[in-house]
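Listed here are the chains, written in short residue letters.
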Amino acid sequence: MVNQKYYGLGTAPSGIRALFAYGLEQAKIVGPENVFDYSLGNPSIPAPAKVNEAIADLAQNYDSIKLHGYSVAAGHEDVRQAIADNLNERFDVNAKASELFMTCGCAPALVSVAKALTTSTDDEFIAIAPFFPEYHVFFTCDGAQLKVVPADTEHFQINFAELEKIITKNTKAVIVNSPNNPSGVVYTEETLTKMAALLTEKGKEFGHPIYIIADEPYRELVYGDVKVPFIPTIYDNTIVCYSWSKSLSLPGERIGYVFVGEKCEMWDEVFNSIVGAAREIGSVCPPTLIQKVIGRCVGEMPNLEAYDENRQLLFNSLSEMGYEMAKPDGAFYMFVKAPNGDAVAFSEKAKLEHNLLVVPGDGFECPGYFRLSYCVSNDMIKRSLPAFKAMIESYK
Ligand code: PLP
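Residue indices begin from 1 for each chain and proceed along its sequence in written order. Confidence filtering applies because this is a predicted model: local features only for residues at pLDDT of at least 70, side-chain atom pairs given and counted only at 80 or more, and all residues used for totals across whole chains, interfaces and linings. Side-chain metrics in this entry use all non-hydrogen atoms of the structure; hydrogen atoms and water are not considered.

Whether a residue is near a molecule or strand depends on its heavy atoms: if one lies within 4 Å, it is near. Taken together, 14 residues lie around the ligand, and Asp215, Tyr218, Ser243, Ser245 and Arg254 are the ones closest in. In the environment of the ligand, an oxygen atom lies 2.9 Å from a nitrogen or oxygen atom belonging to the backbone of Cys106. Whenever a nitrogen or oxygen atom comes within 3.5 Å of another N or O atom, the pair is scored as a polar contact, on the condition that within protein one atom can donate a hydrogen and the other can accept it, and that pairs from neighbouring residues in sequence are kept only if both atoms are in side chains. Between the ligand and Ala107 there is a distance of 2.8 Å, counted from an oxygen atom to a backbone nitrogen or oxygen. Within the complex, 90% of the 400 Å² of free accessible area of the ligand lies under protein. Counting residues per element, the shell around the ligand draws most heavily on helix 6 (residues 106-117), which supplies three residues. All accessible-area figures derive from a Shrake-Rupley calculation using a 1.4 Å probe, and residue coverage is judged against the displayed protein chains alone. In DSSP terms, a helix is any run of H or I states spanning at least four residues, a strand is any run of E spanning at least two, and both are numbered starting from the N terminus.

A few words now on the packing of aromatic side chains. Aromatic rings from Phe, Tyr and Trp, with only the six-membered ring used for Trp, were paired whenever their centres fell within 6.5 Å, and each pair was classed as stacked if the ring planes differed by under 30 degrees, edge-to-face if by over 60, and tilted otherwise. The full count for this structure, using the stated rule, is 25 aromatic pairs. Aromatic side chains Phe91 and Phe230 sit 4.4 Å apart centroid to centroid with 15° between the ring planes, which places their arrangement in the stacked category. One end of the pair, Phe91, is in helix 5 (residues 77-91); the other, Phe230, is in the loop between strand 6 (211-215) and strand 7 (238-243), and 139 residues separate them in sequence. Using a 1.4 Å probe on the protein chains alone, a residue whose accessible area is under 20% of its type maximum counts as buried, one over 50% counts as exposed, and one in between counts as partly exposed. A relative accessible area of 2% means that Phe230 is categorised as buried. Aromatic pair Phe346 and Phe370: ring centres 4.5 Å apart, planes at 10°, arrangement stacked. Taken together, the residues Phe346 in helix 13 (residues 343-354) and Phe370 in strand 12 (residues 369-373) connect sequence positions 24 residues apart.

We now examine the pairing of strand 9 (residues 333-337). Burial analysis of strand 9 places four of its five residues in the buried class, which makes it a mostly covered element. At least two DSSP bridges between two strands are required for those strands to pair. As paired elements, strand 9 and strand 12 share five bridges and run antiparallel to each other. Among the inter-strand pairings, Met334 is bridged to a residue of strand 12, identified as Leu372.

Glancing now at the pattern of salt bridges. Throughout this description, the term salt bridge denotes a Lys or Arg side-chain nitrogen within 4 Å of a carboxyl oxygen of Asp or Glu. In this structure the tally under the stated criterion is 20 salt bridges. Lys292 is paired through a salt bridge with Asp78; the nearest N and O atoms lie 2.9 Å apart. One end of the pair, Lys292, is in helix 11 (residues 288-297); the other, Asp78, is in helix 5, and 214 residues separate them in sequence. With a shortest N-O distance of 3.4 Å, Lys96 and Glu262 are connected by a salt bridge. One end of the pair, Lys96, is in the loop between helix 5 and strand 2 (100-103); the other, Glu262, is in the loop between strand 8 (256-260) and helix 10 (267-280), and 166 residues separate them in sequence. A single network of salt bridges, built from pairs that share partners, joins Lys96, Glu99 and Glu262.

Coordinates in, geometry out; function isn't part of it.
What follows is the structure, encoded as structure tokens:
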């Protein structure tokens, strides 16, 4: 009676959610102060005050029928223009409102792009490990294959020898997620320039463009003086998927966009197929209220102090204990090497012996590492340090 693929997806257990649920149950038994939950990537700093002010002002002063009404499918033109202006100010890309399509978060943006580019079950998308596990669902939705480039576990940049081997005439796009979930690493300009050169060369060889799908919900989450290059300025054939889920702490508001600059080869086909694909999954005209809020708050930047404090405390404390990890320059994740190389066993032991909840890297296609989401309270980090210490000591 029902579609078995969707039934399977709907009932498949999620390791991360299971850890989170375990934490909630344990909290009832041992007290919430004794559970150290690093499982979920749910922002822990509030949205900037201007967001709530904009909501209040719109609710009070904007025409109620318009505020709760449909926008055009692509999203309100004034909002898309505000986003384009902001991109132009920051990245000098000559973006136009007509190159932006508003979506209900980054996930439907990615699904729409995957659908738009899939023309046959031979098509291939390439993901670079470690990567967001949902790519398996998103990029195979219309029958394409997801190929995986093994992780560069030295620097968590990109393993180019493997990437070059994996690209074929069937490659439609390479998915680039920087700052990265789960490693927290930012791909350097040098890495992205090298990628652009490789894709240009391979595109010529195979006679069709190979796109970069830039999955960028963490673009604004970066620390110190590290820069996150805007990929369309490096490679014209880039399709950007963005959301304010993490940058403005608005994951529940479901608001984001796809940006395809006109310099992108086959712009009309690509952009309008994304629009058509979004139509098929019903991801059109995100709520007007939150679109209008974004129009007013697009220039807001998150206050990253709390994340940065957490990042430094964890990085310094764990390094001192002897843990090794990827350089955590962005997002709110740290990707730590399991002391004996078995992150699944480490996670299980940490959970059972210390109520310390860490996510094994296996689901991100990078076994041997575990992910810590440090969008938590600084106090929880302090309380959790003896557990990390006991864990590493137990392997000595
Ligand atoms: N891409 C990555 C790498 C993510 O980590 C997430 C969410 O955690 C998404 C996309 C989906 O973002 P959104 O909540 O805006 O749909």
